[in-house]
Structure formats: C-alpha cells, structure tokens
Amino acid sequence: MLLPLMGVVALTAAIVRSAVSEAATAERAEAAVQAVAQLDAARSGVEHEIVPVLSATVLLDPALSAMAGLSPEMVQAQLAQAEQAIAQAQQVTDRALASVPAASVGAWAAVRATARLVDVRAGAHYRTSSLQDTYRDYLDVSAQLMAAQQEAATEASAQEVTIGTYRATRDVELVAELTQASSRVVPLFLGSQFRLSGTRGSDLDWRAAWTAYTDAQRQLDDLSQPALAAAWDGVRASEAVTAVDDVLAAQADQDTAASLPIEEVAALVNGSTTRDATFTELLDIAVAGAQASSAADRDAADGRRTTTLLAGLGLLLTAAVGGVVLGRSVSRSLGVLAGQADQVSRGELVEVEGGGPREVRTVSTALGAAVASLRRIQDQAQAVARGDLADSVLAEPLPGPLGAVVHASVRQIVSSVRQREELQSALAHQAAHDPLTELPNRAQALLLTAAALSRGRRAGTMTGLLFVDLDGFKSVNDTHGHAAGDDVLREVAGRLSAAVRAGDVVCRLGGDEFVVLVEAVEDERALVELAERLIAATSEPIRLARHTVRVGASVGVAVSRDADTDADVLFVSADTAAYRAKRHGRGRAEVFDEVLRGQLAERAELEAAIRVGLAGGEMQLYYQPVVDVTSDRVTGYEALVRWQRPGHGLVPPDEFIPAAEESQLICELDRWVLHEATRQLAEWRRDAGLADEVPEPTIAVNVSGRHLADRRVVQDVTDALAASGLPAHLLVLEVTETVLVADPSAMENLVTLRALGAAVAIDDFGTGYTSIGQLGHMPVDTLKIDRSFIGSNEPGHGELVSLMIRAAHTFGLTVVAEGVEEPAQLARLRTEACDQAQGYLLHRPLPAAEAGALLRSGACAFR
C-alpha cells in the first residue's frame with residue numbers, strides 16, 4: 001500500500017505546486033498591471049507640468065510676452081494662473097510617484113524621476129535653465145517613466161496566465177500606449193510653436209508624436225474586452241477628444257504648422273488636459289479589468305489548491321482505513337506463516353500450511369516449495385558427507401533456475417570430491433615413488449623396510465637389504481648428457497625388477513643408488529647370489545638412441561640379525577658394505593660383517609669425539625707461512641687445523657678430516673676455522689705495526705666441497721669477516737679443483753664470495769681433471785701447485801711445473817708452490833718466476849704465538 005500512497009502524495013503535491021505557481025503568476029501579473037497605471041499617472045503628471053512651466057517662463061520674459069502681444073495686465077493674470085497650474089500639476093505628479101510601491105517593476109524609475117524632477121523644477125523656478133533646457137529636461141523625465149511603464153506592461157504580458165487575463169493585460173498595454181502618445185503630442189506641438197528644439201527639429205518631433213498618437217488610436221480597434229471597447233467608442237467620440245484632435249489634425253495637414261494666437265494656445269492646453277484625463281479614465285477601466293481577471297485567476301488557483309489538498313487528504317484517510325482493515329484481515333495468516341518461516345530459518349524443515357487471503361496462500365505455497373527443495377538439498381548433502389557419491393538422490397534436479405544452479409553446484413562438489421580423491425591417490429603415489437623410474441623412493445623404502453622388519457620379528461625370520469651403487473654412471477652423464485643418464489636409470493630399474501623374486505621390492509634412493517628389500521631370508525648366501533645376479537644384469541650393455549654404454553654395480557648386503565635392528569641401521573649397514581665393495585675394485589658384492597660393524601662403530605665414535613672436541617675447544621690452528629720467492633718475505637699464512645684430543649695427543653688432520661667430510665661435521669669444522677683464522681690475523685694486524693711499504697699478510701683457509709656446495713657458506717664467510725673486522729681481501733679461500741668441476745652450486749657460491757672481496761685459490765692443482773685451458777673461465781685468483789709435482793724427479797714433471805706457472809700468469813693468476821723441501825726446488829721456482837712458495841724448507845706449520853712473532857719481526861724465510 002505504501003507505493004500508491006506515495007503516488008497520491010506526490011500527485012497532490014504536484015497539483016498544489018501548480019496551483020500555487022498559477023496564483024503567484026496571477027498576482028505578479030496583477031501587480032505589473034497596477035504598476036502600469038501608477039507609472040502612467042506619474043508620467044502624465046510630469047508632462048502636465050510642462051505647459052504651465054513653459055507658460056510661466058514665457059510670461060516672465062518681457063521679450064517673449066511682447067512677442068505674444070500680451071499687455072502687462074494680461075501677463076500678470078496669466079502668470080497667476082500658470083503658477084497655480086504648476087502647483088496643482090506638481091502635487092499630482094508627486095502623489096503619483098509616491099504611490100509606486102518600492103517592490104514594483106517601476107520603483108527604481110520612480111525614484112530616479114523624483115530626484116531628477118527636483119533639479120528640473122529648481123532650474124525652471126530660479127530661471128537657471130533656459131526655456132529649451134527646461135523643455136528637454138521635462139521630456140527626458142517623461143521618457144524615463146514611459147520606459148518603465150513599457151517594462152511593466154511587458155512584465156504583465158510575459159506571465160503565464162489564462163488567455164482572458166493575457167488579453168486584458170494586452171488591452172492595458174494598448175491603452176497605456178495611447179495615453180503616452182496623447183500626453184506628449186501637445187507639449188511637443190507647443191515646443192514647435194516656441195521653437196524650443198530648433199525650427200525644423202521641433203516640427204518633426206510633434207509630427208512624429210501625432211503619428212504615434214493616431215497609430216495608438218487605430219490599435220484600440222483590437223481591444224478584447226467588450227466593456228472597454230464600448231468605453232473607447234464613447235471616449236473618441238467625446239467633445240474633449242475631438243476638439244483637441246481637430247486642431248492638431250489641421251496643423252498636421254499643413255507643411256509647416258502655423259503659429260496660433262495665445263488665446264487658441266491656452267484653449268488647446270486646457271482641452272489637452274481634459275482629453276488626457278479622459279484617456280486616463282479609460283486606462284483605469286482597462287487596468288481594473290486586467291486586475292479583476294488576474295484576481296479571478298488567483299482565486300481559481302487557490303480554489304484548485306484547496307480542492308486538491310482536501311481530495312488528497314481524503315484519499316490518504318481512505319487508504320489508511322483500508323490498510324487497517326486489510327492488515328487485520330491478513331495479520332493472523334501472516335503470523336502463522338511468519339512462525340513457520342522462522343522455524344525454516346533455524347533449519348527446521350517443517351510442513352508449511354497456509355490459509356487466509358490469496359496473497360498469503362501464494363506465499364505459503366512458495367515457502368512449502370522452498371522447504372521441499374531444501375529437504376532434497378539436505379538429502380544430497382548427507383549423501384556427499386557419507387561419501388556415497390553413487391546415491392541416486394544426487395542425480396535428482398531441483399526446480400527453477402535457482403534449483404538448476406544449486407543442482408549444478410552439487411554436481412560440481414561431487415566432481416570435485418572425486419577429483420580430490422583421485423588427486424590424493426596420485427599425490428600419495430608421487431610422494432612415495434620416484435618420478436623417473438616409478439620405483440618406491442627413499443621415504444617409501446624406509447617405510448617398507450620398517451614394515452618388513454616388524455613382520456620378520458613377529459614371524460621370527462630374517463630381512464635382507466641390498467644396496468646397489470652403480471659404477472661408471474657419472475661417466476655416462478658427462479659423456480652423453482643427462483637425458484642418456486635418465487635412460488640408463490630407467491633401464492637399470494627394469495633389469496633389477498626383473499631379476500628379483502615376486503615378493504621382493506626394488507626402490508630408488510636417488511642418483512645412481514638403488515636398494516632391494518628381501519623378506520623371509522634363509523641365509524646370507526641366498527642374498528649374495530641375488531647380488532651377483534643383479535651385478536650381472538646391470539653389467540649387460542645398454543643400447544641408447546645413438547650409442548651403446550656399459551655400467552656396473554657395487555652391491556652391499558645387510559641382514560637383520562636381532563630384534564633391535566631398525567630400518568635406518570639396516571640402510572647404514574648396507575651402504576657401508578657397498579662402500580667397501582667400491583674400494584675393493586667395484587663390480588662385486590660385500591656383506592656387512594663384524595669387521596665393517598666395528599669400523600662403523602669406530603667412525604661413529606670418532607664423529608662424536610670430533611663434535612665434542614669442537615664444542616670443548618680441543619681444536620687448534622697451526623699457521624704455515626707463505627713466502628715470496630723473490631724477496632723471501634712472509635706474505636701470508638695457511639691455516640691448518642690440529643686436534644688436541646685428550647688421551648691421544650695431537651691428532652693430524654688426515655686421521656679425522658675424512659670422517660668429518662662424510663657428515664655435516666665438516667661444515668661445522670670449516671665454520672670454526674674461518675672464525676678463528678680471521679680473528680687471529682686481525683689480532684696480528686693490530687699488534688704487528690707493519691711498515692707502510694710492507695704488504696699486509698693474507699690468511700688462507702681450506703673450504704671442503706660439502707661446505708662450499710652448502711648455500712650457507714656465503715653467510716658463514718660474511719659472519720666471520722664481520723666478527724673479526726678483517727678486510728675481505730686478506731682472506732683466501734682454498735678449494736680443490738674437483739669441487740669446481742663436479743658441483744655447479746659450489747661454483748655459484750664461489751662467484752658470490754669473490755664479489756664480497758675474498759680471494760679464491762685452487763689447492764693441489766694437477767691432481768684432478770682440470771685442464772689448464774679451463775683456468776681462464778674459473779672464479780679463482782691463485783693457483784697452488786701440488787707437492788707431488790714440486791718434489792718429483794720424474795721426467796717431464798719439471799716442464800709441467802713450468803707450463804703451469806706460465807699458463808697461470810697468462811690468465812693473471814698468482815702461483816704458489818706447495819711442499820718445497822730442498823734448496824734446489826726453491827732455486828728452480830725462482831728461475832721459473834714462481835710467485836710464492838711454502839714448505840718445510842721455508843717454515844713448518846707454527847703455533848699461533850710463534851707465527852705472530854714471526855710476523856712482528858718481519859723476518860725473511862732464511863736466517
């Protein structure tokens with residue numbers, strides 16, 4: 001109901017606004033018509049002042065009075081009449097100007113005319129203005145009021161009023177034009193008589209005024225109001241009008257107006273006054289008619305407004321009563337329906353029963369259909385929650401467009417659940433299998449091994465594990481590329497799977513390492529025979545797309561012998577056995593026995609002792625000086641780690657470094673050496689007070705391949721330099737050439753370390769596979785020639801050392817010779833322009849105190 005009520009209110013408001021607007025328009029038209037009459041009265045008064053003022057001016061001028069043939073007695077008599085007429089005319093003019101309302105159209109023109117009249121009257125009275133100036137000034141004031149009168153008439157005609165009011169307003173405008181022309185024609189005629197604007201100009205002015213007057217009379221033939229037209233017929237036939245018009249018409253018919261005697265002029269002036277009064281009465285009739293028509297329009301608009309307001313109020317009251325009646329009739333039904341809807345909103349899918357008016361029954365039916373759809377959605381959701389994706393309820397559609405969307409959503413959910421199950425199965429398979437060979441991966445191999453060990457303990461049987469490490473696989477990768485290597489791994493996986501029993505499991509750990517899990521093992525001999533079959537199958541030639549390659553296998557065999565063996569221990573045991581097989585010549589099988597068990601236990605004990613030694617401060621650094629071959633001065637040190645192990649004395653590095661390199665211990669050891677070596681050199685620099693011309697010594701630290709491949713090595717070096725305050729360019733990082741070739745990540749880390757400012761040296765050059773031509777492409781600064789070449793007397797080794805020195809210098813590298821122990825070796829190095837050297841001949845590795853003292857003394861290598 002609100003919308004119709006709002007429509008009624010809006011329509012009523014629009015009609016009322018229209019009525020109010022019409023009333024206001026009629027009121028403005030009425031005010032404008034009234035302004036026309038008031039301004040016409042003021043203008044007429046101004047023009048009626050002209051004749052007596054001009055007459056008085058002529059009478060007061062002896063020459064003009066004599067020209068008119070007036071005796072002194074007549075002058076006095078006429079002057080008294082003129083002054084009386086002036087006073088009366090001024091009173092009429094002032095009352096007319098004062099009657100113009102301040103807010104009317106011509107108010108401002110009335111104010112300006114009043115001010116102007118004061119000056120004009122003063123000039124005429126005190127004779128400060130000439131006769132011509134006085135005449136023109138009065139005409140100017142009349143013109144101002146005439147313009148304001150025309151503006152008021154235009155304002156009245158411009159209002160949006162009824163056709164009757166418009167015509168009445170137009171009649172006022174026509175009569176006003178007549179009164180304006182009538183009041184100006186006689187003063188202008190008198191002006192021509194007295195030559196006030198020049199002979200020719202005065203005559204033209206009054207003739208133009210006469211023409212305007214006659215035109216205005218003819219336009220009155222179009223008056224719309226019958227009463228006004230009848231009044232006009234009477235006015236133009238009256239003696240007051242015809243007497244003046246006949247005199248003026250006779251003068252207008254002549255080419256040049258003749259001069260009238262003073263008596264005829266006086267009669268013309270008096271007749272003009274009477275005629276103008278008659279025209280003013282006619283204007284009053286026209287104004288009264290227009291005002292009456294405007295008032296009638298205003299009253300009609302007010303009546304329509306009142307009627308509309310009453311009608312709108314009646315409609316509102318009727319609608320309110322109807323709303324109350326309708327509300328009572330549907331409230332009971334709606335209350336029941338609202339209670340059911342509230343239950344449905346709380347998730348209670350109750351039966352919906354509706355009664356009452358048709359609209360309520362329609363809503364009840366719709367709510368019941370919605371509840372039925374919700375029940376079906378509930379059944380479908382329960383089927384999805386149970387995982388019963390084959391339930392027939394899932395195929396039942398729901399009614400309507402919304403039902404189609406909901407059913408499509410249910411189907412999408414079912415499809416998503418099925419896809420998720422399939423994806424979970426695929427992900428579980430991917431997480432447990434190697435993507436290249438589709439064999440179980442390392443994580444799955446550990447789980448399978450743990451499960452097999454558990455079953456073996458319950459059944460009292462042994463479980464075996466064969467660790468298969470391929471021989472020669474790296475060569476295939478390096479020679480034929482990784483794609484060929486992948487083909488080899490897939491072929492080996494197939495051969496291993498074909499060689500084992502149906503219940504055995506082949507897994508790929510990664511790289512070129514496989515394991516075979518064997519349950520219910522009778523004895524170790526059966527496992528060894530299986531290992532030999534695997535070696536034979538793997539060793540067969542493998543035909544690739546363009547080449548035929550061969551690989552071999554080294555197999556480690558481990559067997560669970562007690563209930564305490566777990567999967568990790570069994571893996572380590574098999575791995576250790578495979579490592580021994582590789583050391584003993586490859587292509588063979590080794591069984592993990594007591595000897596290997598003892599070695600494994602000994603290595604575990606050593607690793608634990610190294611970890612304790614790092615934490616307990618048992619590690620020490622010795623510093624072997626590096627000497628300039630030309631000047632014999634110490635240019636730096638190489639930091640060499642020693643282990644002061646309790647109960648064992650000073651342990652050389654070759655007895656514990658290999659054990660550390662097999663685990664992450666080597667990274668911890670490298671980290672300790674970096675911090676200690678940089679700290680020590682920074683301390684020496686503070687205490688030594690080296691001369692400006694002496695180059696600052698460097699400190700060289702060996703970095704293992706495992707640590708160099710670790711992404712944390714850059715941060716470790718940065719931390720050590722920051723903690724010690726040592727400039728980066730005084731640190732030399734020594735790496736083996738094998739690390740540079742074998743591990744791309746190590747190469748990337750070296751590039752980053754060089755960017756920090758640290759120098760890089762290739763240690764033990766000549767013992768690996770790096771060609772001399774590769775030196776120009778490696779991120780290195782120093783080449784350290786291995787001691788095996790320096791101390792060798794074999795043919796060609798001397799020339800090879802010379803070639804190394806020259807090649808390194810060609811690429812801008814510094815050359816350091818290691819292991820110099822004889823004077824002849826040092827002399828040969830000087831001859832070959834080697835840069836630096838180190839060895840027992842020059843200095844043995846020194847404790848920190850002795851190395852620092854050597855640096856402070858600035859001593860040469862030889863005393």
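Here's what I pulled together on the structure shown here. Small disclaimer: the values here were computed from a predicted structure and weren't measured.

## Some words on the pairing of strand 6 (residues 552–559)
Among the eight residues that make up strand 6, eight are buried, leaving the element largely enclosed by the rest of the structure. The two faces of strand 6 match: G552, S554, G556 and A558 on one face and A553, V555, V557 and V559 on the other face are all buried. Pairing analysis gives three bridges linking strand 6 to strand 7 (residues 589–591), with the strands arranged parallel. Pairing of V557 across the sheet is with V591, part of strand 7.

## A short note on the packing of helix 20 (residues 665–688) against helix 22 (residues 713–724)
Close contact between helix 20 and helix 22 brings their axes to 9 Å; oriented N to C, the two are set at 30 degrees. For the element pair helix 20 / helix 22, the angle class is roughly parallel. In terms of crossing hand, the pair formed by helix 20 and helix 22 is right-handed. Where helix 20 abuts helix 22, its residues R671, L674, H675, T678, R679, A682 and R686 lie against D716, V717, D719, A720, L721, A723 and S724. Residue composition of the contact of helix 20 with helix 22, grouped by class: six nonpolar, three polar and five charged.

## Quick look at helix 14 (residues 473–480)
Taken residue by residue, helix 14 has F473, V476 and N477 as its buried positions. When helix 14 is viewed along its axis, its buried side chains cluster within an angular range of 100 degrees and face the same direction. Those residues of helix 14 that are exposed and aimed more than 90 degrees away from the buried face are K474, D478 and T479. Residues of helix 14 that are buried in the fold lie against strand 1 (462–471), helix 15 (482–499) and strand 5 (548–549). Downstream of helix 14 by one or two residues, G481 has phi in the positive range, about 100 degrees.

## Let's talk about the side chain of K582
With respect to the element layout, K582 can be found in helix 17 (residues 567–583). Of note is the side chain of K582, whose polar atom sits 2.5 Å from the side chain of D471.

## Side note on the nonpolar core
In terms of nonpolar packing, the biggest core is built from 79 residues, with I610, Y637, F656, I699 and L829 touching the most fellow members. The biggest single contributor to this core is helix 20, with eleven residues. When near neighbours in sequence (up to four residues on either side) are disregarded, Y637 contacts Y623, Q624, P625, V626, W684, T698, I699, A700, A851, L854 and L855. Ranked by size, the runner-up nonpolar core spans 70 residues in total, among them L54, F189, A209 and Y213.

## Considering the packing of aromatic side chains
Under the counting rule described, the total for this entry stands at five aromatic pairs. An angle of 40 degrees between the planes, with centres 5.5 Å apart, marks the rings of W210 and Y213 as tilted. Pair noted here: W210 and Y213 are both in helix 7 (residues 199–219), with a separation of three residues, about one helical turn. Neither residue differs from the other here; W210 and Y213 are each classed as buried.

## Considerations on the pattern of salt bridges
One pass over the full model with this rule turns up 29 salt bridges. A salt bridge links R501 to D504, with the nearest nitrogen and oxygen atoms 3.1 Å apart. On the accessibility criterion, R501 (46% relative accessible area) is partly exposed. The shortest N-O distance in the salt bridge between E529 and R525 comes to 3.7 Å. Separated by four residues within a single helix, E529 and R525 lie in helix 16 (residues 524–539), roughly one turn from each other. Overall, E529 belongs to the partly exposed group, its relative accessible area being 37%. Among the charged side chains, a salt-bridge network with shared partners connects D469, D471, K582 and R586.

Cut-off values and rules
- Residues numbered from 1 in each chain as written.
- Predicted model: local features only at pLDDT ≥ 70, side-chain atom pairs only at ≥ 80, totals over all residues.
- Heavy atoms only, no water.
- Buried < 20%, exposed > 50% of the residue type's maximum accessible area, 1.4 Å probe, protein only.
- Helix = DSSP H or I, 4+ residues; strand = E, 2+ residues; numbered from the N terminus.
- Pairing = 2+ DSSP bridges.
- Axes fitted to C-alpha atoms, helices over the stretch in contact; angles between N-to-C directions.
- Parallel < 35°, antiparallel > 145°, perpendicular 65-115°, else oblique.
- Left-handed = near helix turned anticlockwise from the far one by under 90°.
- Contact = heavy atoms within 4.5 Å.
- Nonpolar A, V, L, I, M, F, W, Y, C, P; charged D, E, K, R; others polar.
- Arc of directions from axis to C-beta.
- Polar contact = N/O pair within 3.5 Å; in protein donor to acceptor, adjacent residues only side chain to side chain.
- Core = buried A, V, L, I, M, F, W, Y, C linked by side-chain atoms within 4.5 Å.
- Phe/Tyr/Trp six-rings, centres within 6.5 Å; stacked < 30°, edge-to-face > 60°.
- Salt bridge = Lys/Arg side-chain N within 4 Å of Asp/Glu carboxyl O.

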